[in-house]
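# Understanding the architecture of this molecule
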Amino acid sequence: MLFKIIGAFIAVVAFCIMIELPKKYMVQAGLTGMIGWGVYLLVDIIGHRVEIDALISALCIATMSHILARVLKAPVSNFLIPGILPIVPGGSIYRCAYAFINESSYLSTYMNETLKIAGSIALAIFFVDSVFKLHLPKRK
């Protein structure tokens, strides 16, 4: 599990290099993705379904992104977009496309899984964003 978490950090930092994120935010973005992936793996061990794993992990990532954005005075997207990279349902999307091309009967199963995971991530980001907007003082 430790190697998976370290791998997530490396993948997120590599993604940050690819999208040309400012260097001063790369470590924090990598830590956001690493902690989010660690939460995903821990919740998965407990035995929840994949969409619950993604929801809890995305809640953690979105919260960390908002906190880091306020502390470092940077846009939330600098930490949120790279941070969710490890939990994006890439494998499910691939299986869905493969089943579509091969006209497999498993297409609906893979599509259902992909949409549940993506919906969980979107719901978590929306929820945390709404909470932070409601509880921040208005600027004049």
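Refer to the structure presented above.
Residues numbered from 1 in each chain as written. Predicted model: local features only at pLDDT ≥ 70, side-chain atom pairs only at ≥ 80, totals over all residues. Heavy atoms only, no water.

## Here we look at a nonpolar patch on the surface
Applied cut-off: Only residues whose relative accessible area exceeds 30% and that form no salt bridge are eligible for patches; like-charged ones are grouped when within 9 Å, while nonpolar side chains (Val, Leu, Ile, Met, Phe, Trp, Tyr) are grouped when within 5 Å. What sets the accessible areas is the Shrake-Rupley method with a 1.4 Å probe; for residues, cover comes only from the shown protein chains. In what follows, salt bridge is the name for a side-chain nitrogen of Lys or Arg lying within 4 Å of a carboxyl oxygen of Asp or Glu. What counts as a helix is a DSSP run of H or I of at least four residues, what counts as a strand is a run of E of at least two, and both are numbered from the N terminus. The buried label goes to any residue with under 20% of its type's maximum accessible area, the exposed label to any with over 50%, and the partly exposed label to all in between, with areas taken from a 1.4 Å probe on protein chains only.
A cluster of nonpolar residues, Met 1, Leu 42 and Ile 45, forms a patch on the protein surface that exposes about 310 Å² of accessible area. In this fold, Leu 42 is placed in helix α2 (residues 26-46). Judged by relative accessible area, Leu 42 falls into the partly exposed class, the value being 47%.

## Points about the packing of helix α5 (residues 90-101) against helix α6 (residues 107-134)
Any two packed helices are characterised by the angle at which their axes cross and by the distance between the axes. So the rule is basically this: Fitted lines through C-alpha atoms give the axes, limited to the stretch in contact for helices. The angle between two N-to-C directions lies from 0 to 180 degrees. An angle below 35 degrees is treated as roughly parallel, one above 145 as roughly antiparallel, one from 65 to 115 as roughly perpendicular, and anything else as oblique. Two helices crossing with the near one rotated counterclockwise from the far one by less than a right angle form a left-handed crossing, whereas a clockwise rotation gives a right-handed crossing. We call two residues in contact when some of their heavy atoms are within 4.5 Å. Put simply, Ala, Val, Leu, Ile, Met, Phe, Trp, Tyr, Cys and Pro go in the nonpolar bin, Asp, Glu, Lys and Arg in the charged bin, and everything else, Gly too, in the polar bin.
Following both chains from N to C, one finds α5 and α6 inclined at 150°, their axes separated by 8 Å at the closest point. Between α5 and α6, the angle is such that the two are roughly antiparallel. As for how α5 packs across α6, the hand of that crossing is left-handed. For the pair α5 and α6, contact is made by Ser 92, Ile 93, Arg 95, Cys 96, Ala 99 and Phe 100 and by Leu 107, Tyr 110, Met 111, Glu 113, Thr 114 and Ile 117, respectively. Of the residues belonging to the contact of α5 with α6, the class tally is 8 nonpolar, 2 polar and 2 charged.

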